[in-house]
Amino acid sequence: MSTTDYADVPFDLKDPSLYEADRQDEFFTHLREECPVFWNPEVDGPGFWSLTKYDHVVAASKNPKIFSSARDWGGHRIFDEKEAGGAALGEAALGDTSDVDTSMISMDPPEHNIYRGMVTPGFTPPRIKALEDGIRARVRDILGKLDDQDHCDFVISVAAELPIQVLAELFGIPQSDRHKLFEWSNALIGEDDPELRPSDMFIAASFAEMSDYAMHLWQNRLETPGDDLISMLVHARIDGKPLSPERYIGTFILLIVGGNETTRQSIAGGALALSQFPEQRQKLLDDPSLIPNAVNEIIRWVSPVLHMRRTATEDTELGGQKISKGDKVVMWYVSANRDEDKFPDPFKFDVTRKDAMQLGFGIGQHFCLGSRVAELQLRVLFEELLPRYPNLQTTAPVRRIRSNFIRGIKEMQVNLNPWE
Ligand code: HEM
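Calculation notes
- Residues numbered from 1 in each chain as written.
- Predicted model: local features only at pLDDT ≥ 70, side-chain atom pairs only at ≥ 80, totals over all residues.
- Heavy atoms only, no water.
- Helix = DSSP H or I, 4+ residues; strand = E, 2+ residues; numbered from the N terminus.
- Expected span 1.5 Å × (residues − 1).
- Buried < 20%, exposed > 50% of the residue type's maximum accessible area, 1.4 Å probe, protein only.
- Contact = heavy atoms within 4.5 Å.
- Salt bridge = Lys/Arg side-chain N within 4 Å of Asp/Glu carboxyl O.

A. Local environment of helix α13 (residues 245-258). Taking 1.5 Å per residue as the helical rise, α13 with its 14 residues ought to reach 20 Å, and the 20 Å between its terminal C-alpha atoms agrees with that figure. Among the 14 residues that make up α13, 11 are buried, leaving the element largely enclosed by the rest of the structure. Next to the buried residues of α13 lie α6 (111-119), α9 (161-171), α10 (178-189), α11 (200-223), α12 (229-235) and α14 (261-276).

B. Representation of the pattern of salt bridges. The tally for this structure, following the rule as stated, stands at 34 salt bridges. Between Asp22 and Arg400 there is a salt bridge, with the nearest N and O atoms lying 3.5 Å from each other. Placement of the pair is Asp22 in the loop between α1 (16-20) and α2 (24-34) and Arg400 in strand β10 (residues 399-400), with a sequence separation of 378 residues. Of the residues examined, Asp22 reaches a relative accessible area of 28% and is grouped as partly exposed. Between Glu384 and Arg136 there is a salt bridge whose closest N-O contact spans 2.8 Å. Residue Glu384 is found in helix α18 (residues 371-388), and its partner Arg136 is found in helix α7 (residues 125-144); the two are separated by 248 residues along the sequence. Here the residues in one salt-bridge network are Glu132, Arg136, Arg140, Arg379, Glu383 and Glu384, joined through shared partners.

Nothing here speaks to function; it is all geometry.
Right, dumping it as structure tokens:
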């Protein structure tokens, strides 16, 4: 594909500052209307197609044969995982990390099914149901620590705390280690945000520490198996062989980022939306049975994963646009979740909304494995938070992450009891 047709396009969807400033809606609304399958040139790459409409995102997600996630075709991020994966992890300081990023999310069927199957037993409905009481106790404990204060940074005190505690439980690691998960996760997704990843050396050191930790866990679970996610990975066999250390670490990374960052952002973004739209919050206070539906709307509204990428494995066509073999195709969930054809009045935050299935968890082969754990955390959190702090209010503009991958808030100062 030639990049010249769109050389005068005044914006770049890859630019992380667009999302840091939360300005994406104006561009995506224009594109959905005028050019729903849009060629975005890149200064440092070959360019990529941007899918902005719901139906096109669904079509690409459900056709892994033509729209591949595989690392050999480039993987699931806009950058090429084979070329940039090592650099993204601070290869300069570390040495060769070339195989480290390979996990189920960068695989196609049938290989994908095998790797996903290793940890699906950890996400069955009975297992998730069994987590509820523990999650409620954690939420009460987290909120109880705020009893003697009126103000806090909601991200640090609440939104980040619950998902890392739950992830530590799923991994079967001591809760005292959970802060490491938080720091590693920030560094892993922070390639464009100097506050999260100050330098190559920083990510290299984080990565080395994380790998050591993961391998130590591997050894421990070999000797003392449990029923946690790490034990499932350690004792999985493919054609009679265990996972390679590289793939094990790749999966460890996927679970840390997937299980932590996204849920944190949904909790923070949900609390922000409820404080911005008090009439919606009142509906939940009047009728808490609406909270599960509100969780769905929060994930649509926040769309914490901005995009996933695929690569065309053959010449094809989408929305009347010819796509060539080898072209990158980026599926913007944040835009599909505002598609006017699927969500009437899409810029209205509406806790009673019952429209199309929101796409924040993706769809198809790679549909989020942890979606039910995330939904459970959000439901319980808002069930406990709303009656306790019915008027919670932000006291300053939120500070957002500089990233084109995670739509997130890194600081959100709130007054817990503004009218007391
Ligand atoms: C609100 C919270 C969450 C959101 C918005 C979210 C979003 C997503 C999305 C969009 C994908 C699809 C990737 C694709 O199609 O290429 C995905 C996959 C995945 N997520 Fe989540 N996620 C969340 C929570 C979690 C949690 C809590 C876990 C684990 C504890 C998790 C683990 C995973 C894994 C392992 C995959 C890869 C699945 C595969 O490739 O088959 N996620 N997630």
